[in-house]
Structures are given as structure tokens and as C-alpha cells.
Amino acid sequence: MMYKVVEHFISINGEGKRAGELALFIRFKGCNLTCSYCDTMWANREHTKFTFMNKEEIHNLIKESKVKNVTLTGGEPLLQDNMYELLEFISQDKSVNIEIETNGSVDIGTFSKLDNPPSFTLDYKLPSSNMEDLMYTNNYNYLKNSDVVKFVAGTKSDLDRAKEIIKKYDLTNKCHVYLSPSFEEITPAQIVEYMKENRLNDVKLQLQMHKFIWDPEERGV
Ligand SMILES: C[S@@+](CC[C@H](N)C(=O)[O-])C[C@H]1O[C@@H](n2cnc3c(N)ncnc32)[C@H](O)[C@@H]1O
Ligand SMILES: Nc1nc2[nH]cc(C(=O)O)c2c(=O)[nH]1
Ligand code: SF4
Ligand SMILES: [Mg+2]
């Protein structure tokens, strides 16, 4: 099976549990959502060029990189045909930590049953994304304590909704919970204020570190 890869690069992970650590990023083409704030819409467009890679080539890329942390992102990585087969293959290599950035609309149930399952960073798309209706909340039954549920907020009402969802599904007792500003739509300080006012314990503010280090529009960093 072949997978559509639009870019791969080594950087520090700007997001997630391993933020600040080196990671190899593999970005897959295409997405089923159109979030209002998406910073990688280019990867989702029909005309965007890609390279077909098979599972052995992807595993070789990982081995040759000599980087332990691998982030599969996109686009929506879990929508590639036969993603299960790729994950089954690369997860046999216990020397790598696989993280998957996924949008919260795709069922992660089958992937979480792998022998050595990857860590998921599962978004819950808030109202200002315009994608909330497509969230598949049954996924919260499959969360492991190494996973993350992430809320990208652009408004105060987004934060209210995130608070409700965290409570409704008891997320802080199931996994890590991150709140992240939709870049330049709300300030990190406003999120911290909200966390203080609402005593949001066990929730972490997360900033996209790479957008502070490099030009926020730059690709491949
Ligand atoms: C580009 S997405 C790719 C993976 C998957 N489609 C998803 O949405 O999780 C990777 C992460 O970047 C976040 N993101 C995209 N645009 C952003 C923005 N403008 N500000 C903050 N985070 C953003 C997404 O919410 C997601 O957590
Ligand atoms: N440095 C860096 N860290 C990231 N963490 C998640 C990313 C993504 O686009 O999914 C990303 C990215 O594009 N760059
Ligand atoms: S789900 Fe992810 S890749 Fe798709 S539009 Fe939203 S942020 Fe962009
Ligand atoms: Mg995600």
C-alpha cells in the first residue's frame, strides 16, 4: 500500500507531550474537515503535490533520521487508506515513539487495539472551528493515559464549551488535556485568565512553539 506524503522534516516538536524534543514529522495529504483556523490547509488541497511512500520506505525514513519521536500529521493522517497496516508495521519497532495528530472526527478504536499503540493527540473542534458537529465523542472510550485531548480555542465561548466537554467526559481523569490558542485569535494570557477564573485544574496551556521560533507561515519547521 502507498501513502500520500506531502512533506517530512525534522524539527523540535512545537506541540504535545513531547514539545521541545526533536521529532520527525510526516505530513499526509488530505482532510475531511475545513477548520476555520487551519494552518496547513495547503496540505489538504487537491492539486498539492505529494510523494507516494510505502510502509517500508516510511520505516526507512524513520530509521535513517535517527530521531526517536515520530509525529504523523496532516491533513488527517488516519484517513489514509490502510493506515492500520502502516501503524502495525512501524509500531513493531519499539525504539520509536509514534504520535498521531488527529482531528477528532475519525474513529480511533481499531488503531488503539494495536499491540504497541501510538499516542494520540485528539482534537475536540470547538464552535469557532465550524466543525464541532463532526466530533466523534465515542473515541473517549479508547483514551489511554498517554493520550492528549486538545482544544484549540479562538473565543471565550470556545473556552466555555471546552470546559463543558472536559467535565461531561471526565477527560482529566482519562488522559492529558491541553488548551491551545487558535494562533493570534485569542492571547495566551486570556486563556490563563480563564483557567484561573474557572479553576481549571489538570489542564495545560499549550503554545505552538515553532510559531515563536520561526516565521509562523514557514513550512517544514
Ligand atoms: C494541522 S492539524 C493536523 C492534524 C489533524 N488534522 C488535526 O486537526 O488534529 C495539527 C494541529 O494543529 C492545530 N492547528 C491548526 N491550525 C491552528 C491554528 N491556527 N492555531 C492553533 N492550532 C492550530 C490543529 O488543531 C491540530 O491540533
Ligand atoms: N515544529 C512543529 N511541531 C508540530 N507539532 C505538530 C505539528 C503539526 O503540524 O501537526 C507541528 C509542526 O508543523 N511543526
Ligand atoms: S482537521 Fe486538522 S488539517 Fe483538517 S482542516 Fe482542521 S486543522 Fe486543518
Ligand atoms: Mg490533533
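Counting starts from 1 at the beginning of each chain's written sequence and moves along it residue by residue. Chain A is the first chain written and ligand 1 is the first ligand written, with later ones labelled in order. Per-residue local features of the predicted model are confined to residues with pLDDT of at least 70, and side-chain atom pairs are confined, for both listing and counting, to 80 or more; whole-chain, interface and lining totals are unaffected and use all residues. Note: side-chain values were computed over all heavy atoms of the structure, leaving out hydrogens and water.

Side note on the sheet that holds strand S7 (residues 148-153)
Link 1 in the chain: Any two strands between which DSSP finds at least two bridges are classified as paired. Helix and strand assignments come from DSSP, with helices taken as H or I runs of at least 4 residues and strands as E runs of at least 2, each series counted from the N terminus. The sheet built from nine strands is open, its strands ordered S3-S1-S2-S4-S5-S6-S7-S8-S9 with mixed pairing. Only two strands of the sheet have a single partner each, and these edge strands are strand S3 (51-54) and strand S9 (204-205).
Link 2 in the chain: Of the strand pairs in this sheet, strand S5 (residues 97-102) and strand S6 (residues 119-124) are connected by four bridges, and their pairing is parallel. The residue bridging Glu101 from the neighbouring strand is Thr121, located in S6.
Link 3 in the chain: Only heavy atoms matter for contacts: two residues are in contact if any of them lie within 4.5 Å across the pair. Axis lines are fitted through C-alpha atoms, for helices just across the contact stretch, and the angle between N-to-C directions can take any value from 0 to 180 degrees. Those strands touched by helix H4 (residues 156-168) are S6, S7 and strand S8 (176-181), and its axis lies near 160° from that of S7.

Observations regarding the site of ligand 1
Link 1 in the chain: Nearness of a residue to a molecule or strand requires only that one of the residue's heavy atoms be within 4 Å of it. Taken together, 21 residues are adjacent to ligand 1, and Tyr37, Gly75, Asp123, Lys125 and Lys150 come closest.
Link 2 in the chain: Under the rule applied, a polar contact is a pair of N or O atoms within 3.5 Å (in protein, one hydrogen donor and one hydrogen acceptor; residues adjacent in sequence only if both atoms are side-chain atoms). Between ligand 1 and Asp39, the relevant distance is 3.1 Å, taken from a nitrogen atom to a main-chain nitrogen or oxygen of the residue.
Link 3 in the chain: Each accessible area is a Shrake-Rupley estimate made with a 1.4 Å probe; only the visible protein chains count as cover when residues are assessed. Burial of ligand 1 by the surrounding chains reaches 94%, relative to a free accessible area of 540 Å².
Link 4 in the chain: Of all the elements in the fold, those that place two or more residues in the shell around ligand 1 are S5 and S7.

Some details on the UniProt feature "binding site: [4Fe-4S] cluster" (unreviewed entry) in the protein
Link 1 in the chain: UniProt positions are given in the numbering used here, feature names are shortened, and annotations may be inferred rather than shown by experiment. Mapped onto this structure's residue numbering, the UniProt feature "binding site: [4Fe-4S] cluster" (unreviewed entry) falls at Cys31, Cys35 and Cys38. Put simply, the named residues that line the largest pocket are Cys31, Cys35 and Cys38.
Link 2 in the chain: Locating Cys35 in the fold gives a position in the loop between strand S2 (22-28) and S3.
Link 3 in the chain: Given a relative accessible area of 10%, Cys35 falls into the buried group.
Link 4 in the chain: Leaving out residues up to four positions away in the same chain, Cys35 has contacts with Met41, Lys125, Ser129 and Met131.
Link 5 in the chain: Locating Cys38 in the fold gives a position in the loop between S2 and S3.
Link 6 in the chain: Think of it in three bands: with a 1.4 Å probe and only protein chains considered, a residue is buried below 20% of the maximum accessible area for its type, exposed above 50%, and partly exposed in between. By relative accessible area, which is 26% here, Cys38 ends up partly exposed. Here a cavity is any set of points on a 1 Å grid over the protein atoms alone where a 1.4 Å probe fits but cannot get out, and a pocket is any open set with protein on both sides within 12 Å along at least 5 of 7 lines; a residue lines the site when it has an atom within 4 Å of a point.

Structural notes on the pairing of S7
Link 1 in the chain: Within S7, six of the six residues are buried, which leaves the element mostly enclosed by the surrounding structure.
Link 2 in the chain: Burial of S7 is two-sided: the residues Val148, Lys150 and Val152 facing one way and the residues Val149, Phe151 and Ala153 facing the other way are all buried.
Link 3 in the chain: Two strands pair when backbone bridges link them, and S6 and S7 are joined in this way by four bridges, in the parallel orientation. Within S7, the position partnered with Leu122 by the bridge is Val149.
Link 4 in the chain: As judged from the six bridges shared by S7 and S8, these two strands associate in the parallel manner. Residue pairing for S8: Lys150 is matched across the bridge by Tyr178.

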